[in-house]
Structures are given as structure tokens and as C-alpha cells.
Amino acid sequence: MARASRVTTAAANAARPLPTALFARLDRLDRPGPHGSAAEVRTLPAAARRFLRHPRPPVLLGCVGALAAMRAARGPWRVRDAGVAAAAVAAQPFVEWGVHRLLLHARSGSRFGAVGYQLAGYGHEQHHRDPTSLDTMFLRPREVITGTVLATVPALFGPSWAATGTLCAGLGVLAYDWTHFLLHTRVPPRSAYYRRLWRGHRLHHYRNERHWLGVTSPLGDLVLGTNPQRDAVELSSLAHSG
Ligand SMILES: [Zn+2]
Ligand SMILES: [Zn+2]
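Overview of the structure. All values reported here derive from a predicted model rather than from experimental measurement. (Residues numbered from 1 in each chain as written. Chains lettered and ligands numbered in written order. Predicted model: local features only at pLDDT ≥ 70, side-chain atom pairs only at ≥ 80, totals over all residues. Heavy atoms only, no water.)

Points about the side chain of histidine 184
Thought 1: Secondary-structure assignment places histidine 184 in helix α8 (residues 160–184).
Thought 2: Judged by its relative accessible area of 4%, histidine 184 is buried.
Thought 3: Here the side chain of histidine 184 touches histidine 180 through a polar contact of 3.2 Å, side chain to side chain.
Thought 4: Histidine 184 has contacts with Ala38, Ala39, His127, Pro131, Thr132, Met137, His201, Arg202 and His205, leaving out every residue within four places of it along the chain. (Helix = DSSP H or I, 4+ residues; strand = E, 2+ residues; numbered from the N terminus. Buried < 20%, exposed > 50% of the residue type's maximum accessible area, 1.4 Å probe, protein only. Polar contact = N/O pair within 3.5 Å; in protein donor to acceptor, adjacent residues only side chain to side chain. Contact = heavy atoms within 4.5 Å.)

A closer look at the coordination of the zinc ion (ligand 2)
Note on metal geometry: ideal angles are 109.5 degrees for four donors arranged tetrahedrally and 90 or 180 degrees for six donors arranged octahedrally.
Thought 1: Protein coordination of the zinc ion (ligand 2) is provided by His100 (NE2), His105 (NE2), His124 (NE2), His128 (NE2) and His204 (NE2), with donor distances spanning 2.0 to 2.2 Å.
Thought 2: Sequence spacing among the residues donating to the zinc ion (ligand 2) works out to H-x4-H-x18-H-x3-H-x75-H. Of this pair, histidine 100 sits in helix α5 (residues 79–104) while histidine 124 sits in helix α6 (residues 111–129), and the two are 24 residues apart along the sequence. The pair formed by histidine 100 and histidine 124 is uniform in burial state, with each residue classed as buried. (Donors = N, O, S within 2.8 Å, 3.2 Å for Na, K, Ca; no water.)

Remarks on the coordination of the zinc ion (ligand 1)
Thought 1: Note on the zinc ion (ligand 1): its protein donors are His127 (NE2), His180 (NE2), His184 (NE2), His201 (NE2) and His205 (NE2). The metal-donor distances range over 2.1 Å.
Thought 2: One chain supplies every donor for the zinc ion (ligand 1), spaced along it as H-x52-H-x3-H-x16-H-x3-H. Taken together, the residues span a long stretch of sequence, with histidine 184 in helix α8 and histidine 201 in helix α9 (residues 192–206) at a distance of 17 residues. Assigned by exposure class, histidine 184 and histidine 201 land together as buried.

Examining the environment of histidine 184
Thought 1: When the C-alpha atoms of histidine 184 and proline 131 are compared, they prove to be 7.4 Å apart, with 53 residues separating the residues in sequence.
Thought 2: Polar side-chain contacts of histidine 184 include one of 3.2 Å to the side chain of histidine 127.
Thought 3: A distance of 3.4 Å separates a polar side-chain atom of histidine 184 from the backbone oxygen of proline 131.

So, in C-alpha cells, the structure goes:
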């Protein structure tokens, strides 16, 4: 019986298109839960421990380490690298806004939407269905490794400042994943800036997911008009189920 099931699974795997089979392998890096709830975490050291012990964030940390090694191999730092880093910091709120709106909330109605949903939308939808669950909180290995493989081309074969850019992008993703997790914990907000992020992300989950898209910064929402008064936006169906 077990043998028949293995044969059936092998046949199914052989019939899958290559990207799907590859993604299934990447997802095996992410051991199944349960990993508990972010609501159990009440202090910053406990949050750091939980982040590092979960199977997903170390994959991201490893990928950022690989991007740092690629940049280090490209030679000394120059003034131009500081310019690239400053541009990356300035772009982060808008990149985050665009990725969250267009990719993480992609739905399978159009061809672009179907690709986005397969790459990242599905994982984010699971997070919206149970926002504090640590089983679906962090970026999935398939998202992180696909992004890193794509970044390898400019990091190794472009000018050295492109390697700096890919490292900054990796650090930006890491800042997003850590901050996003922290926003779902019960670590109390200690600064006005963090409280603002905390409130915005709660509204994103429990009011309407088309607004309050910033995680590490509210700037994208302020500039792009997705930071309305709470009651000016209707309660969405996804917020109902969250
Ligand atoms: Zn969230
Ligand atoms: Zn979202």
C-alpha cells in the first residue's frame, strides 16, 4: 500500500512542471508546524529567540549572508556604494508598498495575478486568514530563494554597485520580515514611530487589506493615499475572516 502510494507520488512529481516541483522541494525546508502564536511573545529577547528558532527566518538570514559574501568578493567599498545604500533606504517604503499591494495581495483572476499568487500571494493569504499564527507568518523559502537566485545575476556579473544594491534589497526584506513579526507579537510599542506602524498593520488586517500597506514605514501609504481615517474604509471580507 505504502509502496503504491510512493509510486503514485513519484508519478505525480514526474508529471509536474519543473518550477512547481522545485517549489515543492524548497517548501520542504520549511518544516511543518505547529509553531505557536506571535501573541505568546511579550519581550524583545523572546521575539529574537522565536525568530531565530523558527525554520523560515534562518533561510532568509542565510540568503542575506550569501548576498553580503557576493558583495565582499566584488572589491572595496566606494562613495558610490553609500549613494546606492541611501537610494535603497529612500525606496524601501515604496518598494514595500508595491510588493505588498501587487504581489502579496495578487489574486488569480488574471495571468499576472495567477503568477503572483503562486509565487507569494498564496502564502500571504494564509497569513491574513490567521494573522498571529507562526506557521504562516514569515516569508516562505520559495519566495526568499527565488529572489536570491534572481539577485545573484547582477550581484556577480553587474558592476560592484549592483552587488551593493542586491545586498541592500536583502537587508530591506530582512527588516520587513522581522518588523512584520514584531508587529504581531505582544511586545509593547515603546516609540511613537513603532506605535504608528503597529496601528497601521492592525488596520490592514482587521479593517481592509487594500490600505495601510507599509510595514517598516508609513511613508508609502502617506504619499500614495492608502492611509485613510479608519471609518472612511469599509470592513473587507478578508478582514472579517481574520
Ligand atoms: Zn501581518
Ligand atoms: Zn497584507
